[in-house]
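Breakdown of the fold
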Amino acid sequence: MARSESQGRSPLHCGLNCGLVCLRSPQLFTTFPSPQTTTELMVKANKKRYSLTSLKTLEQAHQNQISNLQVLVRGRVVSLLSDDTLGDRHQRFILELPNGHTLLVAHNIDVSPRVTDLKVGSSLYAYGEYEWNAQGGVIHWTHHDPQELHIDGWIDHNGTVFR
């Protein structure tokens, strides 16, 4: 698989409900019109562009029990869980997507730094691999791969990228 590196920023919402998503750091980002939903937002960083995975794609992956799907999601933290300490340590939290669907994010903190200042209500982007489970799914591989065999993932929280 090809490798990918990135750094991203979170959108700022002005509350005008105009169909545009305003992004910080104008030198890295642009404002994109959103004809249907903000899930069509293109994020670019380090000369790479990332497209948010559509909510429909995620719903279909869950309904059809599909795994191993590379995704970029934006959501709000609704629950902070204890770290998984069996094997590689993982920071865990539940992310709610704009359609109300929830996902477990399992971020490997033996490979990547812990996402700091994370709290219930925090908004973030997560780029990683979706795995189906009956509870809604898991996103993991949200970090770089030291062995360079997997697509590098990341989490962007408050403009800081953890990979």
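This one's a predicted model, so the numbers in the text were calculated from it and none came from an experiment.

**Some remarks on the side chain of Asn-108**
Among the secondary structure elements, Asn-108 is positioned in strand S8 (residues 102–108). One polar contact links Asn-108 to Asp-88, side chain to side chain, over a distance of 3.4 Å. Among the polar contacts made by the side chain of Asn-108, one reaches the main-chain amide nitrogen of Val-111 at a distance of 3.1 Å.

**Describing the pairing of S8**
Most of S8 is tucked away: five of the seven residues are buried. As paired elements, strand S7 (residues 90–96) and S8 share seven bridges and run antiparallel to each other. Bridge pairing in S8 links His-90 to Asn-108. From the end of S7 to the start of S8, which pair antiparallel, there are five residues, and Gly-100 there has a positive phi angle of about 95°. The pairing of S8 with strand S10 (residues 138–140) spans two bridges and is classified as parallel.

**Focus: the pattern of salt bridges**
On inspection of all chains with the given rule, the structure shows three salt bridges. Among the salt bridges present, the one from Glu-96 reaches Arg-76, with a minimum N-O distance of 2.5 Å. Of this pair, Glu-96 sits in strand S7 while Arg-76 sits in strand S6 (residues 69–80), placing them 20 residues apart in sequence. Arg-76 gets classed as partly exposed once you look at its relative accessible area, which sits at 37%.

**Brief notes about the confidence of the model for the protein chain**
For the protein chain, mean pLDDT is 76; residues scoring 70 or higher make up 71% of the total. Considering each helix and strand of the protein chain separately, the mean pLDDT is smallest for strand S3 (residues 32–33), with a value of 32, and largest for S7, with 97. When the criterion is pLDDT under 50, residues 1–45 qualifies, and its contacts beyond four places in sequence or with other chains add up to 99 contacts.

**Here we look at helix H1 (residues 55–63)**
Every buried residue belonging to H1 is among Leu-55, Leu-58 and Ala-61, and all of these are buried. Looking down the long axis of H1, one finds its buried residues gathered within 125° of arc, a one-sided arrangement. In H1, the exposed positions that point more than 90 degrees away from the buried face belong to Lys-56 and Gln-63. Check the buried side of H1 and you find it contacts S6 and strand S9 (123–131). The first or second residue beyond H1 is Gln-65, which carries a positive phi of 55°.

Rules and cut-offs
- Residues numbered from 1 in each chain as written.
- Predicted model: local features only at pLDDT ≥ 70, side-chain atom pairs only at ≥ 80, totals over all residues.
- Heavy atoms only, no water.
- Helix = DSSP H or I, 4+ residues; strand = E, 2+ residues; numbered from the N terminus.
- Polar contact = N/O pair within 3.5 Å; in protein donor to acceptor, adjacent residues only side chain to side chain.
- Buried < 20%, exposed > 50% of the residue type's maximum accessible area, 1.4 Å probe, protein only.
- Pairing = 2+ DSSP bridges.
- Salt bridge = Lys/Arg side-chain N within 4 Å of Asp/Glu carboxyl O.
- pLDDT = per-residue confidence, 0-100.
- Contact = heavy atoms within 4.5 Å.
- Arc of directions from axis to C-beta.

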